[in-house]
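# Residue-level structural notes
Listed below are the residues making up each chain.
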Amino acid sequence: MSFWGGLWRGRAADFESGSAASNSIELTKRHPVVSLTKQGAATGNLRINLSWRMRTSDIGSPERESALRHPFKLFKPDVVQAHTQSMVNVDLDLGCLYELTDGEKGVVQPLGNYFGALNAPPYVKLSGDDRFGSASGETIYVNLDHRESIKRLLVFVYIYDQTPAFDRTHAHVTLYPSNGPRIEISLDERHPQARSCAVVTIENVKDELIVRREVKFVYGFQAELDRLYGWGLQWGRGYKSKVGER
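In this text, all values refer to a predicted model and were calculated from it rather than measured experimentally.

Strands sit in the order β1-β11-β10-β3-β8-β7-β6 across an open sheet of 7 strands; the sheet is mixed. Looking at strand neighbours, the two that pair on one side only are β1 (24-26) and β6 (116-117), the edges of this open sheet. With 4 bridges connecting them, strand β10 (residues 172-176) and strand β11 (residues 182-186) associate as antiparallel partners. From the neighbouring strand, T174 faces β11, where its bridge partner is E184.

Dropping the structure here:
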């Protein structure tokens, strides 16, 4: 966007409103901010969902044969591949750094089994760990009925262990407030070596809940996100439990 575009547009245009057609708000670089309070959505449970899947070109599918050599293959549907183990070679995790108004800080994430709590501090809870890119993905719930206790949240996504980078996935984070349109953020920027991404912040500013798109890719993990946003936590190497264990 040009300097003059920013000058004429002013700060008010940074706040995006919902689309009547899709009942959704897409946060972009040009329109990065929305107010849950002004949307009438600052109460109840805020659902934050991560969905992702491998690009078809990365699943080992054969290259398409030339349409000139085999014109009738244009009318032949592609073979639907089953969700086999060979396709399970990426594991994106959803996490949330939190800071409460009483000074308590911490993290909610699958790594280390820090699943949080919904009706007690930090009022943020992870529903589970999706390791296979299922349709439901991973979900974090935030109890906004305790919004006065929440100072700020940073929702982030990271790649667990030795799995492909973000440019090989179709990753989306969607916020579902208790009222009003959903809020969508796409992680579609190309950062082949990035291991983590700060997706969105939710901040209590003078009793107004502000959602801001971040989409900042980093080449490290949670400790680097911590330094970037000044959380000040101590980090160590963590591991996941085996599938089925909690």
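As defined by bridge partners, strand β4 (residues 92-100) adjoins strand β5 (residues 105-108) across 4 bridges and the pair is classed as antiparallel. The residue of β5 that forms the bridge with L97 is V107. Counting the residues in the hairpin turn of β4 and β5 gives 4 residues, including G103, whose phi is positive at 100°.

For the rest of this paragraph, the subject is the sheet that holds strand β2 (residues 33-35). With antiparallel pairing, the 6 strands of this open sheet are ordered in space as β2-β13-β12-β9-β4-β5. The open sheet has two edge strands, β2 and β5, and neither has a second partner. Direction aside, the axes of adjacent strands within the sheet are offset by 20° on average. Both strand β12 (residues 196-205) and strand β13 (residues 208-218) contribute to a ladder of 9 bridges, which runs antiparallel. In the strand pairing of β13, C197 is matched with F217.

Now for the packing of aromatic side chains. Under the definition given, this model contains 1 aromatic pair. Taking the ring centre of Y176 as reference, the NZ or CZ of R47 above it sits at 4.0 Å. Over the ring of W231 we find R152, and its NZ or CZ is 3.7 Å from the ring centre.

Thresholds applied
- Residues numbered from 1 in each chain as written.
- Predicted model: local features only at pLDDT ≥ 70, side-chain atom pairs only at ≥ 80, totals over all residues.
- Heavy atoms only, no water.
- Pairing = 2+ DSSP bridges.
- Helix = DSSP H or I, 4+ residues; strand = E, 2+ residues; numbered from the N terminus.
- Axes fitted to C-alpha atoms, helices over the stretch in contact; angles between N-to-C directions.
- Phe/Tyr/Trp six-rings, centres within 6.5 Å; stacked < 30°, edge-to-face > 60°.
- Lys NZ or Arg CZ within 6 Å of the ring centre and 35° of its normal.

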